[in-house]
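# Residue-level structure breakdown
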Amino acid sequence: MQLSPPQTLEVIAGMIKADFIGDPTSIVSGISEIHRVQKGDLTFVDHPKYYRKALESAASTIIINQKMVSHNGKALIFSDDPFRDFVTLVKHFRPFRQSQAMISPSASIGEGTVIQPGSFVGNHVSIGKNCLIHANVSIYDHSVIGDHVIIHSGAIIGADAFYFKRRPGHLDKLESCGGVVIEDHVEIGANTTIDKGVSGNTVIGAGSKLDNLIQIGHDTIVGKNCLFAAQVGVAGCVNIEDDVILWGQVGVQKDLCIGKGAVVLGQSGVSKSLRGNMTYFGSPVQPAREKMKELAFLKNLPKIIKRLSS
Amino acid sequence: MQLSPPQTLEVIAGMIKADFIGDPTSIVSGISEIHRVQKGDLTFVDHPKYYRKALESAASTIIINQKMVSHNGKALIFSDDPFRDFVTLVKHFRPFRQSQAMISPSASIGEGTVIQPGSFVGNHVSIGKNCLIHANVSIYDHSVIGDHVIIHSGAIIGADAFYFKRRPGHLDKLESCGGVVIEDHVEIGANTTIDKGVSGNTVIGAGSKLDNLIQIGHDTIVGKNCLFAAQVGVAGCVNIEDDVILWGQVGVQKDLCIGKGAVVLGQSGVSKSLRGNMTYFGSPVQPAREKMKELAFLKNLPKIIKRLSS
Amino acid sequence: MQLSPPQTLEVIAGMIKADFIGDPTSIVSGISEIHRVQKGDLTFVDHPKYYRKALESAASTIIINQKMVSHNGKALIFSDDPFRDFVTLVKHFRPFRQSQAMISPSASIGEGTVIQPGSFVGNHVSIGKNCLIHANVSIYDHSVIGDHVIIHSGAIIGADAFYFKRRPGHLDKLESCGGVVIEDHVEIGANTTIDKGVSGNTVIGAGSKLDNLIQIGHDTIVGKNCLFAAQVGVAGCVNIEDDVILWGQVGVQKDLCIGKGAVVLGQSGVSKSLRGNMTYFGSPVQPAREKMKELAFLKNLPKIIKRLSS
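Definitions and limits used
Sequence order sets the numbering: in each chain, residues are counted from 1 along the sequence as written. Chains carry letters and ligands carry numbers; both start at the beginning, A for chains and 1 for ligands, and go up in the order they are written. Given that the model is predicted, a residue must reach a pLDDT of at least 70 before its local features are reported, and side-chain atom pairs must reach 80 or more before they are shown or counted; all residues, however, enter totals for whole chains, interfaces and linings. Hydrogens and water molecules were not included; the side-chain quantities draw on all heavy atoms of the structure. In this description, contact between two residues means that some pair of their heavy atoms is separated by no more than 4.5 Å. Once two parts are put together, the accessible area they lose, assessed with a 1.4 Å probe and summed over both, is termed the buried area. The salt bridge definition used is simple: a Lys or Arg side-chain nitrogen within 4 Å of an Asp or Glu carboxyl oxygen. Any pair of nitrogen or oxygen atoms within 3.5 Å is treated as a polar contact; in protein, a donor-acceptor pairing is required on top of that, and neighbouring residues in sequence qualify only through side-chain atoms on both sides. Comment: elements are numbered from the N terminus, with helices defined as DSSP H or I runs of at least four residues and strands as E runs of at least two. Residue polarity follows a fixed list, in which Ala, Val, Leu, Ile, Met, Phe, Trp, Tyr, Cys and Pro are nonpolar, Asp, Glu, Lys and Arg are charged, and the others, Gly among them, are polar. Either an automatic procedure or a domain database provided the assignment from which the domain bounds are taken. DSSP calls a pair of strands paired once it identifies at least 2 bridges connecting them. The axes are straight lines fitted to the C-alpha atoms, using for helices just the contacting stretch, and the angles between their N-to-C directions are given from 0 to 180°. For this overlay, a least-squares fit was computed on C-alpha atoms, restricted to residues scoring pLDDT of at least 70 in both copies. Oblique is the label for every angle not falling under 35 degrees (roughly parallel), over 145 degrees (roughly antiparallel), or within 65 to 115 degrees (roughly perpendicular). Should the near helix be turned anticlockwise from the far one by less than a right angle, the crossing is termed left-handed; should it be turned clockwise, right-handed. A pair of cysteine sulfur atoms is labelled a disulfide when the two atoms are within 2.5 Å. Throughout, exposure labels follow a simple rule: accessible area from a 1.4 Å probe, protein chains only, divided by the maximum for the residue type, with under 20% read as buried, over 50% as exposed, and the rest as partly exposed. Note on scores: pLDDT gives the predictor's confidence for each residue, bounded by 0 and 100. Between the first and last residue of a helix there are one fewer steps than residues, each counted as 1.5 Å, and that sum is the expected span. Working definition for bend: take the seven residues up to and ending at a residue and the seven starting at it, fit an axis to each, and measure the angle between the axes.

## Topic: the interface of chain A and chain B
Listed by partner, the interface residues are 42 residues for chain A and 50 residues for chain B. In this assembly, chain A packs against chain B so that about 3200 Å² is buried in total across both faces, 60% of it on carbon and sulfur atoms. Applying the counting criterion to the chain A and chain B interface returns two salt bridges. Across the pair Arg166 of chain B and Asp243 of chain A runs a salt bridge, and its minimum N-O distance is 3.3 Å. If you look at where chain A meets chain B, you find 26 residue pairs in polar contact (both at pLDDT 80 or more). By residue number, the principal contributor to the side of chain A that touches chain B is helix 4 (residues 288-309) of chain A, which donates eight residues. Of the residues that constitute the side of chain A that touches chain B, the class distribution is 22 nonpolar, 15 polar and five charged.

## Concerning the domain arrangement of chain A
Residue and element names in this part refer to chain A. By the assigned domains, chain A splits into domain 1 (2-93) and domain 2 (108-289). Computed over C-alpha atoms only, the centres of domain 1 and domain 2 are separated by 29 Å. With 14 residues of domain 1 in contact, the opposing surface of domain 2 contributes 17 residues. Buried surface at the junction of domain 1 and domain 2, both sides included, amounts to about 1200 Å², of which 60% is carbon and sulfur. Ranking the residues of domain 1 by area buried against domain 2 places Glu33, Arg36 and Phe83 at the top, with a combined share of 49%. Joining domain 1 to domain 2, the criterion identifies three salt bridges.

## Some words on the interface of chain A and chain C
Contact with chain A, which involves 50 residues of that partner, is made by 42 residues of chain C. Buried area between chain A and chain C, summed over both chains or domains, comes out near 3200 Å², and the portion from carbon and sulfur atoms is 60%. A salt bridge links Glu187 of chain C to Lys173 of chain A; its shortest N-O distance comes to 2.8 Å. Here the side of chain A that touches chain C gets seven residues from one element, more than from any other, and that element is helix 4 of chain A.

## Comments concerning the sheet that holds strand 6 (residues 75-78) of chain A
All names here are of chain A. With respect to topology, six strands assemble into an open sheet ordered 1-3-4-5-6-2, the strand pairing being mixed. Strands at the two margins of the open sheet, each flanked by one partner only, are strand 1 (2-8) and strand 2 (19-21). With direction set aside, neighbouring strand axes in the sheet form an average angle of 35°. Strand direction decides the pairing type here: strand 4 (residues 41-45) and strand 5 (residues 61-64), joined by four bridges, are parallel. Across the sheet, the residue bridging to Val45 is Ile64, located in strand 5. On top of the sheet, helix 3 (residues 82-93) reaches strand 1, strand 3 (27-31), strand 4 and strand 5; it is set at about 145° to strand 4, its chief contact.

## So, the relation of the copies chain A and chain C
For the pair chain A and chain C, the best superposition has an RMSD of 0.0 Å and corresponds to a rotation of 120° with a translation of 0.0 Å parallel to the axis. The superposition of one copy onto the other is thereby described by a three-fold rotation axis.

## As for the packing of helix 4 (residues 288-309) of chain B against helix 4 (residues 288-309) of chain C
Remark: helix 4 of chain B packs on helix 4 of chain C, axes separated minimally by 11 Å, with the N-to-C direction vectors making an angle of 40°. Of the possible angle classes, the one that applies to helix 4 of chain B and helix 4 of chain C is oblique. The two elements helix 4 of chain B and helix 4 of chain C cross, and the hand of that crossing is left-handed. Where helix 4 of chain B abuts helix 4 of chain C, its residues Leu298, Lys299, Leu301, Pro302, Ile305, Leu308 and Ser309 of chain B lie against Glu290, Phe297, Leu298, Leu301, Ile304, Ile305 and Leu308 of chain C.

## A few points about the state of the cysteines
The full count for this structure, using the stated rule, is zero disulfides over all chains. There is no disulfide at Cys237 of chain A, and the cysteine sulfur nearest it, in Cys257 of chain A, is 13 Å away. No disulfide involves Cys177 of chain C; its sulfur sits 13 Å from that of Cys237 of chain C, the nearest cysteine. Among the residues examined, Cys177 of chain C registers a relative accessible area of 2% and is labelled buried.

## Notes on the sheet that holds strand 20 (residues 193-195) of chain C
All names here are of chain C. Pairing within the open sheet is parallel, and its eight strands lie in the order 9-12-15-20-23-26-29-32. In the strand order of this sheet, the two ends are held by strand 9 (120-121) and strand 32 (269-270), each with one partner. Relative to strand 12 (residues 138-139), strand 9 runs parallel, the two being bridged by two bridges. Each bridged residue has a counterpart across the sheet, and for Phe120 the counterpart in strand 12 is Ser138.

## Considerations on the confidence of the model for chain A
Considering every residue of chain A, the mean pLDDT works out to 96; 100% of them sit at 70 or more. ipTM for the predicted complex: 0.96, alongside a pTM of 0.97.

## Some points on the pairing of strand 21 (residues 201-204) of chain C
All names here are of chain C. In this structure, strand 18 (residues 179-182) lies alongside strand 21, joined through four bridges in parallel fashion. Each residue of the ladder has a partner; that of Ile182, found in strand 21, is Ile204. Sheet analysis places strand 21 next to strand 24 (residues 221-222), joined by two bridges and oriented parallel. Bridging from a neighbouring strand, Ile204 pairs with Val222 of strand 24.

## Some thoughts on helix 4 of chain B
If you check helix 4 of chain B, its first and last C-alpha atoms are 31 Å apart, about what 22 residues at 1.5 Å a residue would give, namely 32 Å. Taking the largest bend as the criterion, helix 4 of chain B deviates by roughly 45°, centred on Leu301 of chain B, and proline Pro302 of chain B comes between one and four positions later. Inspection of helix 4 of chain B places Ala288, Lys291, Glu294, Phe297, Leu298, Leu301, Ile304 and Ile305 of chain B among the buried residues, and these make up the whole buried set. As for helix 4 of chain B, its buried residues are in contact with helix 4 of chain A, strand 33 (279-281) and strand 34 (286-287) of chain B together with helix 4 of chain C.

## Observations concerning the environment of Arg166 of chain C
Structurally, the position occupied by Arg166 of chain C is in strand 16 (residues 164-167). Residues Arg166 of chain C and Val45 of chain C lie 121 residues apart in sequence; the distance between their C-alpha atoms is 15 Å. The contacts of Arg166 of chain C, once residues within four sequence positions are left out, are Asn225, Leu227, Asp243 and Ile245 of chain B together with Leu171 of chain C. In this structure the side chain of Arg166 of chain C is engaged in a polar contact, spanning 3.4 Å, whose partner is the backbone oxygen of Asn225 of chain B.

## So, the pairing of strand 16 (residues 164-167) of chain A
Put simply, side chains in a regular strand alternate between the two faces of the sheet. Residues and elements named next belong to chain A. Sheet analysis places strand 16 next to strand 17 (residues 170-173), joined by four bridges and oriented antiparallel. Of the residues in strand 17, the one forming a bridge with Arg167 is His170. Between strand 16 and strand 17, which follow one another and run antiparallel, lie two residues, and Gly169 among them has a positive phi close to 85°.

Following this line, the structure appears as structure tokens:
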């Protein structure tokens, strides 16, 4: 999330009452979870395993739970609980605003766009031209929807990322300040859910078509002209390139990539990155040809074993 | 979809500015995609692989991308892009109509039927007697619902068929002009989605009970007194006979048939037609007894191999 | 369900015009399906297989389709169709009440709780303090929601149990009179559905977090601080202890138990009870380590067989 106006390091550190090293007047221009960080951003790290990743990231300012000297010229804010302090900042800069109306007066709706009854359009949502939003759709604050988009009834755009930290005795929520971007000519099926990014955007690329009851996790990027059949589930931080086809009930784990033109057959479980332009099947997934061979082999196996045993 | 009033061949061809052979005054009484065609209908075909199927179907008029002499007395309309021209006709005869009200004044609601707050009932929807439509249900235009039907919150009846044609650089949508028919004494679970037919009807047979979060694809016919547990997904053009039981998260591929009284155990993937009165399991599905034997065999296999190796 | 005021045996038997044995002035203080019965309750049994279970349960009054002498001092009501008569009583004591408003005047909403537009809150619903109910949520009558609960758009709380009895030629519905209890600090994802209990409560324990498009069946008890990823499906009458993690698209069959701290990997099918503090995978599920070993073994098998065959 970009901060407008940007803030100084001193002001940010003051909000969470933390010591810091670095130029107090240096600028914090955005707030980002480590997956999506860019120059000027503040991020956080609270586990030694990820210190190096944070310190070598593009972030300009890091909330960290380890006193250390500066590194790569980055500003460091010292906190006994960086997760908590990051959430405090997110809540400050992206507070929840109650809506009084089904369509927020702060939403921008393009010419020729039809919004059917019962649909909710949150604050600062932008919808392009010639879209059709069917009845009882819910679009959370700050979502951005292109032109010629069709969203079917019951679809939910921009619900919170499912991202929790286990604490002794409870789970702590990472408040998300990202959004959802739905590009032109996308169609979203009935009761499909697309979560907002933690700090960046979840993106559905131009021309992609999603069927009903699909789940798209936070920060996932779907390319152009993809086809996802009903009940597909894609976890967070997945990168799906153009022209990918996922058949019904496919599940895709987080943090991986599916190459351009890949086809994944129904009910498959994608647990690793897949090269493009191939067909896959199985849970866990394999190249479909290999899986089919395996299934045929298993079918024959009792006979083979009998022969070997005699 | 039936045309009322019916049109002449000449008028239809004129709408898409196409040449034709056949009696210009012959009647086009309906518009149908090839799966559901009947006498009097216009259909389209755009791939040589399906020419024969179209030419030998019940259709009276065919939009085709190949000049040829007439066949079986059918009228032929010549088009460089039958898909596009078919969509043009569907859009003309079944245009989208924006709704201003949650319950369209053109909807017909039977005596004793209760519609809870937040539910959307589209244009020309017909709902029978003594139904209970819970809160926040969405029923698209032209859906037909029988008597004593219960629809739980968030269910979506009649969203568009998921049917696209891949073009260079984009996906083209087949506009659907079919509907959904829900017969008497059906119960539809919360957030379940039932898509409309492409040109005919998707049907849920009398007395069938569908649990929550189920997907039923376009043109699928579900028989009487079926029981589908939560999160079942049925693709398009499936024919499910009476008394079929599908347990949770079962997936069913398109264009197949499940026989009367078949039972499919949880998470199974149905990739071929199934005979009735048997129990099935697995992905891909097998008779359950066979699958159980296979699983037991696999469990024993390491020991068998060890014995054979020694 | 508790009856308030409690009724006498004589009055209850009179409502269903049935003979009985027992003290006519004895008290029926509640109505319960056999899974959740306690002292003072009336329950029903209609299959000899379950007579003993009913007669030895805590129930004080039993509707039964077999004349017999009294047992354990229980009152017995004789019926040719106990299921039908039980449903008659449920409908009498827990009749469906149409709602006129999106938020029922009989609902109780705690201080600091925000309900976004388009959400439905049924009769006698209780929502605690500082909750956030997003747009287009549906909460059925009598649901109880604690403090600091977040419910995302499209979630459905308290739809009917999916519980039918097969009769010749149709399916008969067990009307449910139970509820849903969502404890403090729970988060419920978009389009997730949680069914009410048949006669007791479906419970989501304090601090648990459910992602989108999840199904929780009737009478299921989820412990504290559980994490369920998107598209998980849990059947009815499941007991899930604290700190359990279910990854995406996991399915859990009815009437079983998952021990504290168990982790079930994505797309697994849980068909038996699982001990706590272990990780599981597969459909049907196994300990993950065992399953991984099996998968590796299968991968090697063609080579092993080749070696054995030569």
